[in-house]
Amino acid sequence: HHQRRFSLPWLAPFLLQKQDGEFKGKGKKSKEKREQLRMPSQSLFNKSVALLFSKRSTRTRVSAETSAVLLGGRALFLGREDIQLGVNESLRDSARVIGGMCQGIFARVGEHEEIEELAAHSPVPVLNALSSLWHPTQILADLLTLHDHAHLFNPTPPSSSSKPYVDLAPLPPLTIAWLGDSTNVLHDMLVTYPRLGHHLRVATPAKEAYQCPKPIRERVESLGLSIGEEEGKGPGHIVWTEDPRVAVKGADVVVTDTWISMGQEDEKAQRLCDFAGYQVTEALCKEGGAKENWAFMHCLPRKAEEVDDEVFYGPRSLVFPENDNRKWTIMALFDLLFGKWDLYPEMLAQ
Ligand code: CP
Ligand code: NVA
């Protein structure tokens, strides 16, 4: 649980592909680099992935559709108006029917139970593209982005012999601060970063509605982690406060998300009131004592109320590399889970 280093060996071919994109047309050196590259796996050749999305999406959907093409297969976008799912047909029957025709299901749902129901009855793997409680593919992209930018956090630059993207540059233990709502994105951070040795500090308004939901807290505790206001403990303790200035103390990275997640639109006026003072700004981070070179991350889509333009479009912001990494990580997941899952039965059994 408390492994400090995180290795994603199966990401390598996709990261090489990414590197190829970045080196294109940049002279002799880039030509040499390109020669070392491989095509991504064609593990989805003649295969189809169903994208069952009952909520809007830009990044996750475009990543999924373009990844399926690069892996030699195709993705079928099945939105809420397109198919019988949950309206004229139960989730259970839909999972069996679609899973009988496709090699994988990537599903964005409302209540988290819906994805559990799909997974329980699908004959093929089901991957969570966002639910009320979790957003796992987002955190994989965020982690890759932190590794890509390890030079921001490491005092010594990597040696010239290191291969960026293939051997992910190691990260020192970071302090990562979250301001705003206890959203699906935060929940995956809670069960990921502390286990990799990073300190998490969270600020949400005091109201019960913005605290960590019970199933998430139970999952956090089952991993041997704790949540509370106490300071000075190890990374296994997540500091949770209502004061955004306290949360950013010593932060290397400051992260936020929308204050109004999909499905909460009716609560907009109340939420804007409740989250006043949680906007990520230079002034707030300075006052709270974030590190001088703190970096900013956001899953997007972004509204100006949670982070001002100065930070969002400024030099600290990693939001667009983070966005691009959604594609490389989703491609790796599709390859492994949908293209090759029959080769790794033990992984699916976990
Ligand atoms: N970050 C993210 O999941 O974006 P989309 O909702 O646009 O897919
Ligand atoms: N918390 C947001 C994330 C969007 C990617 C939502 O659920 O709408």
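The chain has the name ornithine carbamoyltransferase in an unreviewed UniProt entry, where Neolentinus lepideus HHB14362 ss-1 is given as its organism. One UniProt comment on the chain, placed under Sequence similarities (unreviewed entry), says "Belongs to the aspartate/ornithine carbamoyltransferase superfamily. OTCase family."

Caption draft 1: Focus on the overall build of the chain. Scanning the chain from terminus to terminus reveals 15 helices and ten strands. When burial is assessed residue by residue, the chain has 41% of its 350 residues classed as buried. Long-range contacts, defined as pairs at least 24 residues apart, comprise 71% of the intrachain contacts of the chain with a sequence gap of at least 6.

Caption draft 2: Expanded view of the site of ligand 2. Neighbouring residues of ligand 2: L130, T183, N184, V185, D257, T258, S261, M262 and C299. In terms of residue class, the shell around ligand 2 is made up of four nonpolar, four polar and one charged.

Caption draft 3: Here's a closer look at the sheet that holds strand 5 (residues 175-179). Within the open sheet, the six strands sit side by side as 7-8-6-5-9-10. Their pairing is parallel. The two strands at the open ends of the sheet, each matched to only one other strand, are strand 7 (226-228) and strand 10 (295-298). Here the average twist between neighbouring strands, direction ignored, is 20°.

Caption draft 4: Helix 3 (residues 59-70), seen in detail. The end-to-end C-alpha distance of helix 3 is 16 Å, a good match for the 16 Å that twelve residues give at a rise of 1.5 Å each. Within the span of helix 3, buried status applies to T60, S63, A64, S67 and A68. Projected down its long axis, helix 3 carries its buried residues within an arc of 125°, all on one side. G72 sits one or two positions beyond helix 3 and adopts a positive phi of about 85°.

Caption draft 5: Seen up close, the site of ligand 1. Near ligand 1, the surroundings consist of S57, T58, R59, T60, R61, L130, Q138, C299, L300 and P301. For the shell around ligand 1, the leading source of residues is helix 3, giving three residues. Of the residues contributing to the shell around ligand 1, the split by class is four nonpolar, four polar and two charged. The residue makeup of the shell around ligand 1 includes at least three contributed by each of domain 1 (7-135 + 321-350) and domain 2 (150-317).

Caption draft 6: Molecular detail of the environment of A269. Position of A269 relative to the elements: it lies in helix 11 (residues 268-274). Sequence separation between A269 and A107 is 162 residues; the distance between their C-alpha atoms is 30 Å.

Caption draft 7: Expanded view of the packing of helix 3 against helix 14 (residues 319-339). Contact geometry of helix 3 with helix 14 gives a least axis separation of 8 Å together with a crossing angle of 50°. In terms of orientation, helix 3 and helix 14 fall into the oblique class. Considering only the axes of helix 3 and helix 14, their crossing is right-handed. Side by side, helix 3 and helix 14 meet where R59, T60, S63, A64, T66, S67, A68 and L70 of the first sit next to N323, R326, K327, I330, M331 and F334 of the second. Partitioned by chemical class, the residues of the contact of helix 3 with helix 14 number six nonpolar, five polar and three charged.

Caption draft 8: Up close: the environment of G228. Mapped onto the secondary structure, G228 falls in strand 7. Classification of G228 by C-beta neighbours within 10 Å gives exposed; the count is 11. Not counting residues up to four positions away in its chain, the partners in contact with G228 are H237 and W240.

Caption draft 9: Molecular detail of unusual backbone geometry. L300 connects to P301 through a cis peptide bond whose omega is 0°. The residue P301 is located in the loop between strand 10 and helix 13 (309-312) in this model. With a phi close to 65°, N46 is a non-glycine residue in the positive phi region. For N46, a count of 9 C-beta atoms within 10 Å translates into the label exposed. Its identity as a non-glycine residue notwithstanding, L300 has a phi of 70°, on the positive side.

Caption draft 10: Local environment of the confidence of the model for the chain. Here the chain averages 88 in pLDDT, while 84% of its residues score no lower than 70. Note on residues 1-9: pLDDT is under 50 here. Beyond four places in sequence and across chains, it has 13 contacts. Across the assembled chains, the prediction reports ipTM 0.99 with pTM 0.89.

Caption draft 11: Expanded view of the packing of helix 4 (residues 91-99) against helix 5 (residues 112-121). Running from N to C, helix 4 and helix 5 cross one another at 45°; their axes reach a closest spacing of 8 Å. Judged by the inter-axis angle, helix 4 sits oblique to helix 5. Considering only the axes of helix 4 and helix 5, their crossing is right-handed. Contact residues: L91, R92, A95 and R96 in helix 4; E114, E117, L118 and H121 in helix 5. Residues of the contact of helix 4 with helix 5, tallied by class, amount to three nonpolar, one polar and four charged.

So, how was this worked out
- Residues numbered from 1 in each chain as written.
- Chains lettered and ligands numbered in written order.
- Predicted model: local features only at pLDDT ≥ 70, side-chain atom pairs only at ≥ 80, totals over all residues.
- UniProt positions renumbered as here; feature names shortened; annotations may be inferred.
- Helix = DSSP H or I, 4+ residues; strand = E, 2+ residues; numbered from the N terminus.
- Buried ≥ 20, exposed ≤ 12 C-beta atoms within 10 Å, placed from the backbone.
- Contact = placed C-beta atoms within 7 Å.
- Near = placed C-beta within 6 Å.
- Nonpolar A, V, L, I, M, F, W, Y, C, P; charged D, E, K, R; others polar.
- Pairing = 2+ DSSP bridges.
- Axes fitted to C-alpha atoms, helices over the stretch in contact; angles between N-to-C directions.
- Expected span 1.5 Å × (residues − 1).
- Arc of directions from axis to C-beta.
- Domains from an automatic or database assignment.
- Parallel < 35°, antiparallel > 145°, perpendicular 65-115°, else oblique.
- Left-handed = near helix turned anticlockwise from the far one by under 90°.
- pLDDT = per-residue confidence, 0-100.

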